[in-house]
Amino acid sequence: METAHIPKQWMRWIQMMMRGDRDSATQYDLRGNVALTRTDAGIPTMNFGYWRDVAPTAKDALWAATQALFQLVGETAALSERDAMVLDAGCGFGTNARYLAETFGVQRVVGLNVSSLQLEACRQIARGSVRAAAINFARGSATCMPFADATFDKVVSVEAAFHFPPRQQFFAEAFRVLRPGGTLALADLVGPAPQNTWQRTAIAMLCRALQIPHENIYDLDVYRQQLADCGFVLCELRSIREDVLTRYQHWLFHQPVGKLLSLGMPMMMSSAPFLLYPWDYICLKAIKR
Ligand SMILES: C[S@@+](CC[C@H](N)C(=O)[O-])C[C@H]1O[C@@H](n2cnc3c(N)ncnc32)[C@H](O)[C@@H]1O
C-alpha cells in the first residue's frame, strides 16, 4: 500500500474533519489509506481485536487479536463449507474476507466497502490467498447494497455497523439480501445515549471526527428493537467490552514509546473512541425467519 503521501492525506483528512465534511466515500478513502495500524507482520488492521486468549506481550499480538475477532464472528455465524454466499459488510482491507474463506472454507465471500482505496488493498490482499478465487469485493454502501434479494446465506460485519448511515437501514438491507433462515452476525460498538454535558460534547466530537452518524448513538434496548423492527429474531447478544476495548488498552500500554510515536496519529485515532466515551462492544447473532 502507498504510504509516501500519508502526511498530505492526514492534512486533508484533518481539514475535512474540521469542516465537518460529510462526503463519506471521500472521507473513507482518506481514512482508509492513512488511518491504518500495521501489525508487526505489516498487515493493515482496522479493528480493536479480541484479546481474551491473546497476551499483550505475545508476538504480533495485534494481528493475533484481530484474527481472534474474525474467528469469534465467524463462529457466531456458524460459518462452514455449506455456506455458498457470505457477505462481509464494511470489509476494511479484506483481511476478514480472506480469513473466513481460508479458515471456515465458505464457498464464496463478498466484501463490501464504500472506500475504493481500501478495495484496492482488499484485492491485493486476496490475491495472496490460496482461496483467492472464492473472495470477491464490491463497492457500495451497506445501507444500499448492490445485491439482489435473498443472495446470501450469512451476513457478517466486524466493527463497522456503527458507521453505517444509519445502522437501522443496514439491518433492513441485511434482511433483504439474506435468504430466509439466513444469519446476521456482528461485532459492533454501541454508544449509549449521552448522560451529561461532557458526554454530549465528547460524542458530538467523535461522531464528527470519525464519521459516526449521530443517529447511531443509542442504548441496547433501542438496538434490539431496531433489529426486531427489521424482522430479525435475536438469538444471542453479549457484551465483549472487557475482551476488546479494555484489553486493547492494556496492549497499547505495553507498547514501547518509540513504537507508539511511530504509529502516532492512527493509533491515537483508533484509541480515542473508547477513551473519551463509555462505549459498549457487543457480539450478536440474529436470524431472518
Ligand atoms: C473500523 S473499519 C472495520 C473494517 C473491517 N471490518 C475489519 O474489522 O478489519 C470500518 C469499515 O467500514 C467501512 N464503511 C464505513 N461506512 C460504510 C458503508 N456505509 N458501507 C460499507 N462500508 C462502510 C469503512 O470503509 C471501513 O472499512
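Residues numbered from 1 in each chain as written. Predicted model: local features only at pLDDT ≥ 70, side-chain atom pairs only at ≥ 80, totals over all residues.

Undergrad: Sorry if this is basic, but what is going on with the overall build of the chain here?
TA: In terms of regular secondary structure, the chain is built from 10 helices and nine strands. Counting only contacts in the chain whose residues sit at least 6 apart along the sequence, the fraction spanning at least 24 positions is 74%. (Helix = DSSP H or I, 4+ residues; strand = E, 2+ residues; numbered from the N terminus. Contact = placed C-beta atoms within 7 Å.)

Undergrad: Honestly, the pairing of strand β6 (residues 152–158) in this entry has me stumped. Any pointers?
TA: A regular strand carries its side chains on alternate faces of the sheet. Most of β6 sits inside the fold, with seven of its seven residues counted as buried. Across three bridges, strand β3 (residues 86–89) lies against β6 in parallel orientation. Each bridged residue has a counterpart across the sheet, and for Val86 the counterpart in β6 is Lys154. Bridge count between β6 and strand β7 (residues 178–190): six bridges; the pairing is parallel. In the sheet register, Val158 faces β7, and the bridge partner there is Ala187. Of the crossover connections in this fold, the one passing from β6 over helix α6 (residues 167–177) to the parallel β7 is right-handed. (Buried ≥ 20, exposed ≤ 12 C-beta atoms within 10 Å, placed from the backbone. Pairing = 2+ DSSP bridges. Right-handed = clockwise from strand over helix to strand, strands pointing away.)

Undergrad: Explain the site of the ligand to me, please; I cannot follow it from the model alone.
TA: Neighbouring the ligand are 23 residues; Asn47, Gly90, Gly92, Val158 and Ala160 lie closest to it. Counting residues per element, the ones that place at least two in the shell around the ligand are α2 (24–34), α4 (95–104) and β4 (109–113). Taken together, the residues of the shell around the ligand break down into 10 nonpolar, 12 polar and one charged. (Near = placed C-beta within 6 Å. Nonpolar A, V, L, I, M, F, W, Y, C, P; charged D, E, K, R; others polar.)

Undergrad: What should I look at first to understand unusual backbone geometry in this one?
TA: What you tend to see is this: most non-glycine residues have negative phi, and most peptide bonds are trans. The omega angle of the peptide bond from Pro165 to Pro166 is -15°, so this bond is cis rather than trans. As for its placement among the helices and strands, Pro166 is situated in the loop between β6 and α6. Of note in this structure, Asp60 is not a glycine but carries a positive phi near 40°. For Asp60, a count of 15 C-beta atoms within 10 Å corresponds to the partly exposed category. A positive phi angle, close to 50°, is found at Glu159, a residue other than glycine. Positionally, Glu159 belongs in the loop between β6 and α6.

Undergrad: Just checking my understanding: could you explain the environment of Val73 for this structure?
TA: For Val73, the location among the structural elements is in helix α3 (residues 61–76). A count of 26 C-beta atoms within 10 Å places Val73 in the buried class. As a C-alpha pair, Val73 and Leu284 span 211 residues in sequence and 8.3 Å in three-dimensional space. Setting aside its immediate chain neighbours within four residues, Val73 contacts Val156, Val158, Ala185, Ala187 and Cys283.

Undergrad: Could you clarify how one ought to interpret the nonpolar core in this entry?
TA: What tends to happen in soluble globular proteins is that the nonpolar side chains get buried as a cluster. Ranked by size, the top nonpolar core spans 70 residues in total, and within it Val73, Val86, Leu100, Val109 and Val155 carry the most contacts. When sequence neighbours within four positions are dropped, the list of residues in contact with Val86 reads Leu79, Leu100, Val106, Val109, Phe152, Asp153, Lys154 and Val156. (Core = buried A, V, L, I, M, F, W, Y, C linked by C-beta atoms within 7 Å.)

Undergrad: It is not clear to me how the sheet that holds β4 should be interpreted in this structure. Could you clarify?
TA: One open sheet holds the seven strands; their spatial order is β5-β4-β3-β6-β7-β9-β8, and the pairing between them is mixed. In this open sheet, the two strands that pair with only one neighbour each are β5 (135–139) and β8 (232–239). Ignoring strand direction, the axes of neighbouring strands in this sheet form an average angle of 15°. Lying over the sheet, α3 contacts β6, β7 and β9 (280–288), oriented at roughly 145° with respect to β7. (Axes fitted to C-alpha atoms, helices over the stretch in contact; angles between N-to-C directions.)

Undergrad: In this structure, what is going on with α4? I would like to understand it.
TA: Within α4, eight of the 10 residues are buried, leaving the element largely enclosed by the surrounding structure. What α4 keeps buried is the set Thr95, Asn96, Ala97, Arg98, Tyr99, Leu100, Ala101 and Phe104. A positive backbone phi angle near 70° is found at Gly105, which sits one or two residues after α4.

Undergrad: It is not clear to me how the packing of α3 against α4 should be interpreted in this structure. Could you clarify?
TA: Close contact between α3 and α4 brings their axes to 10 Å; oriented N to C, the two are set at 65°. Where α3 crosses over α4, the two elements pack in a sense that is right-handed. In this structure, α3 uses Gln67, Phe70, Gln71 and Gly74 to contact α4, whose residues at the interface are Asn96, Tyr99, Leu100, Thr103 and Phe104. Tallied by class, residues from the contact of α3 with α4 come to four nonpolar, five polar and no charged. (Left-handed = near helix turned anticlockwise from the far one by under 90°.)

Undergrad: I keep staring at the pairing of β9 and nothing clicks. Help me out?
TA: Relative to β9, β7 runs antiparallel, the two sharing eight bridges. Across the sheet, Ala185 pairs through a bridge with Lys285, a residue of β9.

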